[in-house]
Every structure is written in structure tokens, then in C-alpha cells.
Amino acid sequence: MVVKRAYSVVAQQNDSSPSRVRGNRSSPPERPRATPWRVVVMENLRERGHGLRDLLLQDRFEVDVVEDARGALSRLAQELVPEGVTPPDLLICNARMLGEPGLALLERWCHAHPWVPVILVSAFTNPRLRARMECLPVHLVLDQSFELEDVRSAALAMTESDVIP
């Protein structure tokens with residue numbers, strides 16, 4: 001597993017990311033702590049998306065899997081409009097699936113929801129995609145040789161560290 005960017009939990013909470021892209025932090029919407037963490041997995045490789053869903057369900061996450069780029073872009077665009085749409089507590093995205101238009105939309109989404117941690121993954125990258133991934137204001141980038149367990153561990157660490165509201 002290659003970790004391209006991993007801010008510490010303290011840095012996330014205090015908005016001191018190296019690139020200072022995140023700007024002012026807004027408070028997340030209020031919701032009871034007793035509810036399960038809501039995770040959206042955007043992954044077009046069915047086996048990986050459902051495998052990750054199954055792992056996260058074991059840890060009592062509520063998981064929604066979006067398997068196509070068009071559905072992912074639609075969901076991100078819909079959540080940019082705050083009326084009646086509550087964003088997930090954690091977003092896990094396949095960078096290659098999103099493509100450049102999706103990564104641009106994800107960047108806007110991250111600015112609109114700075115309290116929501118984002119894990120960006122891609123098993124198949126090239127130098128251009130890696131450079132683009134590193135420029136995004138996400139919390140963690142897993143590039144190339146990562147395992148589903150690595151993503152699961154990152155999700156658990158973020159919830160246990162109160163990164164997620």
C-alpha cells in the first residue's frame with residue numbers, strides 16, 4: 001500500500017492541512033451518536049465495492065455502494081445542493097472511475113462538506129492521475145497496491161478518532 005497523503009486527525013480538526021485547501025471548517029449537521037456511521041463507496045469494480053461493503057457492514061457501518069461513474073457524479077452533484085440532502089459520514093471513492101470531471105466535482109464536494117472525511121483509492125494509476133489525486137483536499141489517498149483491509153482500517157481509524165461527526 002502506498003499512502004500519498006494522510007493528514008493526522010489533529011490536522012484535520014484544526015484545518016492545518018499542508019496545502020491549506022480546506023479553508024474554514026463548518027460544523028457538521030447535528031445527528032445522534034447512536035446511529036450507525038453512513039458510508040458511501042463509489043467503486044465500479046463490483047467485487048471490490050461489495051467486498052468493502054461486506055467488511056464495513058461487519059463493523060456496523062451503514063454502507064451504500066455506487067457502481068457507475070454517472071451515478072457517482074449524480075450523487076456528488078446532488079449533495080452539493082444542501083436542501084434536504086444529508087451527506088454521508090465518510091466517502092470512499094475510486095479516482096479512476098470518477099475521471100477528471102468527477103475529480104473536479106469531488107473537489108467542489110470536499111469544499112462544501114469539509115467535515116466529511118474522504119478516502120480516495122485507485123489500483124490503476126498513471127503519473128497524471130497520481131498528481132491530480134495528490135492535489136485534492138481529501139484525507140487519505142491509497143494508490144496502487146492497497147488491500148480492502150487497508151481501506152477498512154482507515155475507515156475505522158477515522159470513526160474511532162472522531163474525525164467523523
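Throughout this description, residue numbers start from 1 for each chain and increase along the sequence as written. Local features in this predicted model are restricted to residues whose pLDDT is 70 or higher, and side-chain atom pairs enter the listing and the counts only when it is 80 or higher, whereas totals over whole chains, interfaces and linings include all residues. Heavy atoms from the whole structure form the basis of all side-chain values; hydrogens and water molecules are not counted.

Another point: the overall build of the protein. The helix and strand inventory of the protein stands at 6 helices and 6 strands. Put simply, DSSP H or I for four residues or longer makes a helix, DSSP E for two residues or longer makes a strand, and each gets a number counted from the N terminus. Written out in order from the N terminus, the α and β elements of the protein read β-α-β-α-β-α-β-α-β-α-β-α. Exposure is judged per residue with a 1.4 Å probe applied to protein chains only, and the accessible area is read against the type maximum: over 50% gives exposed, under 20% gives buried, and values in between give partly exposed. Expressed as a percentage of its 165 residues, the buried residues of the protein come to 46%. Every accessible area reported is derived by Shrake-Rupley at a probe size of 1.4 Å, with residue values counting cover from the shown protein chains alone. When the accessible area of the protein is evaluated, it comes to approximately 8,300 Å², of which 51% is carbon and sulfur surface.

The next point concerns the environment of Glu43. Relative to the assigned elements, Glu43 resides in the loop between strand 2 (38-42) and helix 2 (46-58). Taking relative accessible area as the criterion, Glu43 reaches 3% and is therefore assigned buried. In this structure the C-alpha to C-alpha distance between Glu43 and Ile92, which are 49 residues apart in sequence, comes to 8.1 Å. Here a polar contact means two N or O atoms within 3.5 Å. Within protein one must be a hydrogen donor candidate and the other an acceptor candidate, and residues neighboring in sequence count only if both atoms are side-chain atoms. Polar contacts involving the side chain of Glu43 include one to the main-chain amide nitrogen of Leu45, which spans 2.9 Å. For Glu43, the side chain forms a polar contact with the side chain of Asn94, separated by 2.9 Å.

Another point: the pairing of strand 5 (residues 118-122). The buried count for strand 5 comes to 5 of 5 residues, which makes it a mostly enclosed element. Neither face of strand 5 is exposed, since Val118, Leu120 and Ser122 on one face and Ile119 and Val121 on the opposite face are all buried. Strand pairing requires that DSSP identify at least two bridges connecting the strands. Relative to strand 5, strand 4 (residues 90-94) runs parallel, the two sharing 4 bridges. By the bridge assignment for strand 5, Leu91 is matched with Val118.

For Arg60, which is not glycine, the phi dihedral falls at a positive 70°. Locating Arg60 in the fold gives a position in the loop between helix 2 and strand 3 (62-66). Arg60 sits in the exposed class, given a relative accessible area of 68%.

Most of strand 4 is tucked away: 5 of the 5 residues are buried. Every second residue of strand 4 is oriented toward a common face, with Leu90, Ile92 and Asn94 on one face and Leu91 and Cys93 on the other, all of them buried. Pairing analysis gives 4 bridges linking strand 2 to strand 4, with the strands arranged parallel. Following the sheet pairing, Val39 is matched in strand 4 by Leu90. Seen with its strands pointing away from the viewer, a crossover is right-handed when the path leading from the first strand over the helix to the second is clockwise. Running through helix 4 (residues 95-112), the crossover from strand 4 to the neighbouring parallel element strand 5 is right-handed.

What follows deals with the nonpolar core. We call a set of buried residues a nonpolar core when its members are Ala, Val, Leu, Ile, Met, Phe, Trp, Tyr or Cys and they connect through side-chain atoms within 4.5 Å of each other. Counting 24 residues, the largest nonpolar core has Met42, Leu91, Leu98, Leu106 and Leu120 as the members making the most contacts within it. No other element matches helix 4, which puts 8 residues into this core. Core analysis: the second largest hydrophobic core is formed by 20 residues, Leu56, Leu142, Val151 and Ala155 among them.

Each turn of an α-helix holds 3.6 residues, which means side chains three or four residues apart point in the same direction. For helix 6 (residues 148-160), spanning 13 residues, the distance from its first C-alpha to its last is 18 Å, which sits close to the expected 18 Å at 1.5 Å a residue. Residues Val151, Arg152, Ala154, Ala155, Leu156, Met158 and Thr159 constitute the buried set of helix 6. Should any heavy atoms of two residues lie within 4.5 Å, those residues are counted as being in contact. In this fold, the buried residues of helix 6 make contact with helix 2, strand 4, strand 5 and strand 6 (140-143). A helix's residues, less one, multiplied by 1.5 Å, set its expected span.

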